[in-house]
Amino acid sequence: KVCHKIFVEFPSFLARVSEGRPANATPASAKKRAETDYSLSLWSAVHHLLLFDHVWIRLMASKLFTCLFAAASPSSIVDGTCRFPYLCEDSIVFRLGKTFTRQLESEVLDAPLADQIFKNIFFVAKTMIIVYLHKQTQEGTLAAGENDNDEGSANGAADDAESNVFENMNVDNEDGNDDDDDNDDGDNNAAGSADDDDGNEDGSEDGHDVSSAHPTPGGTAEKRSLSGLVWLIRQLAFLARQECNKTPEVSIKRECVFKLFAAICKHIQPAAAAVPLLLYICDPLYKTAESADSSEAIKELGTQVQTVVKQAVGSAAFFRAYEAVRKKVAETRVSRKRKLAVDALRDPEKNALRKLHKNQKKKVARKNKIRSYRPHSRANTQHSA
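A quick note: this is a predicted structure, and the numbers were derived from the prediction, not measured.

Moving on to the overall build of the protein. Tallying secondary structure elements over the protein gives 17 helices and zero strands in all. Classification of the 385 residues of the protein by burial places 45% in the buried group. Considering only contacts in the protein between residues 6 or more positions apart, those separated by 24 or more positions represent 77%. With an accessible surface of roughly 19,500 Å², the protein has 53% of that area assigned to carbon and sulfur atoms.

Next comes the structure, spelled out in structure tokens:
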């Protein structure tokens, strides 16, 4: 009933509301007040439908928000003059960003929905960028960048940001899947898995852990938007790394994330403001470039995104961040292998079980790979039987 009400009544409602006044204006009559309440309740219902079980409903709800964003502007949302009351609610941009990233994380994601998610997240990012740049300008962190035309200042900003960012950034996961990190039988596929520095990241950088470093529900909209931009980049980077680790043959999430990275970097001006975000951006780009199982198409897209980001922030700043990620990944691999060797001496029985489990996983992987090359073998076997 809710879906029917929304999709039947929404076109006429959108046309009627688009002629309304700014949301912060006092309603002149009870009719206007009722229309404002109706607008809030209807958009809240559409927001809930963004995570509905059926993918077509998610797609339609996303398209409705795309239409809403097309009729609004990021600057009007920040200064509170947007004519849509729903977009002027406290922390609504942050909550919409969380919902759109959850859509991207879904197992039912397809190409049309991913395209709508890209449009919606980019609008959310543009709104967060306005507050992010305003806050950095107030703090005076962009003055050097404006004077040095991004090159020298980007290097200095990278120096100041690198140590702080790595403290909050999980390029590696020390508690990851150790089964993929040593190569006991010399199998080539296992060697490729041994280079997966992130392992299973669900326990280290999931939605709860990331959001815990950002404002509580009682925080102001400005603080939430400022932290929201960093959170958004971190969450997108995590989703891209997760896909590269678990299902490298699939690339739909990384395609959306990489395009968002390129669009966000080109939108942030001055470029020095994007330097603190480079480590998060370079992490999934590096993992995809080094992945042996990722397709050539997603690697080519990653290379193109690297070029766009490099042009936006400057070559020096980009290469510093990229090298920092590469160095951190190499250190993580060495420390993890050292830890495995020590654990093997301390607990031989546990190490033997771990190797047994690892070899069993390899057998299953080989069978699946052979089956993928012979898609009709199973049908032929059943027919002959």
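The next point concerns the packing of helix 3 (residues 55–70) against helix 5 (residues 92–105). Each pair of packed helices can be described by the angle between their axes along with the distance between the axes. It is the contact of helix 3 with helix 5, at a shortest axis distance of 12 Å, that shows an interaxial angle of 145°. At the point where helix 3 passes helix 5, the crossing takes the left-handed sense. Two secondary-structure elements touch here, helix 3 through R58, S62, F65 and F69 and helix 5 through L96, F100 and Q103. For the contact of helix 3 with helix 5, the per-class residue count stands at four nonpolar, two polar and one charged.

Along the chain, T332 turns up in helix 15 (residues 315–346). There is a polar contact of 2.8 Å between the side chain of T332 and the backbone oxygen of K328.

The next point concerns helix 13 (residues 278–290). Relative to the 18 Å expected for 13 residues at 1.5 Å per residue, helix 13 spans 18 Å between its end C-alpha atoms, a close match to the ideal helical length. Within helix 13, 11 of the 13 residues are buried, which leaves the element mostly enclosed by the surrounding structure. Taken residue by residue, helix 13 has L278, L279, Y280, I281, C282, D283, P284, L285, Y286, K287 and T288 as its buried positions.

So, about the pattern of salt bridges. Under the definition given, this model contains six salt bridges. Here K119 ties to D115 by a salt bridge, and the two come within 3.6 Å at their closest N and O atoms. With a gap of four residues between them, K119 and D115 both fall in helix 6 (residues 111–139), about one helical turn apart. Residue classification places D115 among the partly exposed positions, given a relative accessible area of 39%.

Glancing now at the confidence of the model for the protein. Looking at the protein as a whole, the pLDDT averages 74, with 65% of positions reaching at least 70. Confidence scores differ between elements of the protein, with helix 10 (residues 207–211) showing the lowest mean pLDDT of 35 and helix 12 (residues 252–267) the highest of 93. Low pLDDT, under 50, characterises residues 378–385; the stretch is placed with zero contacts to residues that sit more than four places away or in other chains.

Residues F65, L87, F258 and F261 are the most contacted members of the largest nonpolar core, which totals 79 residues. Broken down by element, this core gets its largest block of residues, 12 residues, from helix 6. Excluding residues that lie within four positions of it along the chain, F258 makes contacts with A240, P284, L285, T288, I298, L301, G302 and V305.

Taken as a whole, this structure holds 11 aromatic pairs when the rule is applied. For the pair F318 and F319, a centre-to-centre distance of 5.7 Å together with 70° between the ring planes defines the contact as edge-to-face. A residue is classified by how much of its surface remains accessible, and F318, at 1% relative accessible area, is buried. Ring pairs connect the aromatic residues W43, F65, F69, Y86, F100 and F123, which therefore count as one cluster.

Compared with an ideal rise of 1.5 Å per residue, which puts 18 residues at 26 Å, helix 14 (residues 296–313) spans 26 Å between its outermost C-alpha atoms and is within 8% of the ideal. Inspection of helix 14 places I298, L301, G302, V305, Q306, V309, A312 and V313 among the buried residues, and these make up the whole buried set. One side of helix 14 carries all its buried residues, which in axial view fall inside an arc of 150°. Residues E296, A297 and Q311 are exposed on helix 14 and point more than 90 degrees away from its buried face. Phi for G314, located one or two positions after helix 14, is positive at around 105°.

With an omega of 0°, the peptide bond between Q269 and P270 qualifies as cis. With respect to the secondary-structure elements, P270 resides in the loop between helix 12 and helix 13.

Right, let's get into the environment of F118. For F118, the position within the fold is in helix 6. C-alpha of F118 to C-alpha of L104: the two residues are 14 residues apart in sequence and 9.1 Å apart in space. Excluding residues that lie within four positions of it along the chain, F118 makes contacts with C256, K259 and L260.

Conventions used here
- Residues numbered from 1 in each chain as written.
- Predicted model: local features only at pLDDT ≥ 70, side-chain atom pairs only at ≥ 80, totals over all residues.
- Heavy atoms only, no water.
- Helix = DSSP H or I, 4+ residues; strand = E, 2+ residues; numbered from the N terminus.
- Buried < 20%, exposed > 50% of the residue type's maximum accessible area, 1.4 Å probe, protein only.
- Contact = heavy atoms within 4.5 Å.
- Areas by Shrake-Rupley, 256 points an atom, 1.4 Å probe, with all protein chains shown as cover.
- Axes fitted to C-alpha atoms, helices over the stretch in contact; angles between N-to-C directions.
- Left-handed = near helix turned anticlockwise from the far one by under 90°.
- Nonpolar A, V, L, I, M, F, W, Y, C, P; charged D, E, K, R; others polar.
- Polar contact = N/O pair within 3.5 Å; in protein donor to acceptor, adjacent residues only side chain to side chain.
- Expected span 1.5 Å × (residues − 1).
- Salt bridge = Lys/Arg side-chain N within 4 Å of Asp/Glu carboxyl O.
- pLDDT = per-residue confidence, 0-100.
- Core = buried A, V, L, I, M, F, W, Y, C linked by side-chain atoms within 4.5 Å.
- Phe/Tyr/Trp six-rings, centres within 6.5 Å; stacked < 30°, edge-to-face > 60°.
- Arc of directions from axis to C-beta.

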